[in-house]
Amino acid sequence: SGPPIHERLPAVPDTGDRPQALADALNDAHTRAQSDVEQGAFGGLRDLATLLHANGFPSKAEPCYTLLREAQPEEPRWIYFLADLRQQSDDVKGAAILMEEVVELRPSYYWLWLKLAAVRQLLGNVESAMEAYRRCLDFEANNPHALLETAREHRRHERWEETQAVVMRLLVHNPEFS
């Protein structure tokens, strides 16, 4: 599958006029990542990826997450972080595809069903979004955001009794929404 992982690490980015502490932290994380991956460990690569991501270097974080995904294909975090990077760069469709992979690996991530539903709505896939809200409710039965969207969908279709029942459930279980 190509060159060894340690040869595919991105270079440390130029931090410009940011604090020297950031440049030092990135250099340290890069050195640890190289050392770790040569020994089959990935803690340093994880630290490098999240440090790059958190400090606004998405083009450098993405290859790190991709390498982590290759090394640990059953770990959903790496796919989720790739989806987050795609969403931040306005690649909503790419984010949705990656989120689908995450919920396939971990269907009980109710909060990701919420995010996936919102992305599906942005893409105009209302029925698919409603399915994601239903899946969220399978794992967190009274999630206020999923209930609110379910009530809105019932209202759109003029299903007044269903709308009222969902709104009452929302308010009973989530009084802060009243």
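Going by the structure above, here's the rest.
Just so we're clear, the structure is a prediction, and the values are computed from it rather than from any experiment. (Residues numbered from 1 in each chain as written. Predicted model: local features only at pLDDT ≥ 70, side-chain atom pairs only at ≥ 80, totals over all residues. Heavy atoms only, no water.)

Asks: I keep staring at the overall build of the protein and nothing clicks. Help me out?
Replies: Helix and strand counts for the protein stand at 9 helices and 0 strands. Listing the helices and strands of the protein from first to last along the sequence gives α-α-α-α-α-α-α-α-α. Relative to the globule expectation of 16 Å for 178 residues, the C-alpha radius of gyration of the protein, 20 Å, shows a markedly less compact shape. In terms of its C-alpha atoms, the protein occupies a principal-axis envelope of roughly 60 × 35 × 25 Å. By residue count, 38% of the 178 residues in the protein fall in the buried class. Put simply, of all contacts in the protein between residues at least 6 apart along the chain, 42% involve residues at least 24 apart. Carbon and sulfur atoms make up 50% of the accessible area of the protein, which amounts to about 9,800 Å² in all. (Helix = DSSP H or I, 4+ residues; strand = E, 2+ residues; numbered from the N terminus. Rg over C-alpha atoms; globule rule 2.2 N^0.38 Å. Buried < 20%, exposed > 50% of the residue type's maximum accessible area, 1.4 Å probe, protein only. Contact = heavy atoms within 4.5 Å. Areas by Shrake-Rupley, 256 points an atom, 1.4 Å probe, with all protein chains shown as cover.)

Asks: How do you make sense of the packing of aromatic side chains when you look at a structure like this?
Replies: Tallied over the full model, the rule gives 6 aromatic pairs. Seen from their ring centres, Tyr65 and Trp78 are 6.4 Å apart, and the 20 degrees between their planes marks the pair as stacked. Of the two residues, Tyr65 is situated in helix 3 (residues 58-71) and Trp78 in helix 4 (residues 76-88); the sequence distance between them amounts to 13 residues. Accessibility expressed as a relative area gives 1% for Tyr65, which makes it buried. Taken together, a centroid distance of 5.4 Å and an interplanar angle of 20 degrees make the contact between Tyr109 and Trp111 stacked. Taking relative accessible area as the criterion, Tyr109 reaches 25% and is therefore assigned partly exposed. (Phe/Tyr/Trp six-rings, centres within 6.5 Å; stacked < 30°, edge-to-face > 60°.)

Asks: What's the story with the environment of Val166 in this structure? I'm lost.
Replies: Relative to the elements of secondary structure, Val166 occurs in helix 9 (residues 160-173). As for Val166 and His154, which are separated by 12 residues in sequence, their C-alpha atoms are 8.8 Å apart.

Asks: Which parts of the structure should I look at to understand the pattern of salt bridges?
Replies: Any two side chains of opposite charge can pair if their charged atoms end up close together. Counted according to the given criterion, the structure contains 11 salt bridges. One salt bridge in this structure joins Arg69 and Glu101, with 2.2 Å as the shortest N-O distance. Of the two residues, Arg69 sits in helix 3 while Glu101 sits in helix 5 (residues 92-105), which places them 32 residues apart along the sequence. Glu100 is paired through a salt bridge with Arg120; the nearest N and O atoms lie 2.7 Å apart. Of this pair, Glu100 sits in helix 5 while Arg120 sits in helix 6 (residues 110-122), placing them 20 residues apart in sequence. Residue Glu100 is classed as partly exposed on the basis of its relative accessible area, which comes to 32%. Given a relative accessible area of 9%, Arg120 falls into the buried group. (Salt bridge = Lys/Arg side-chain N within 4 Å of Asp/Glu carboxyl O.)

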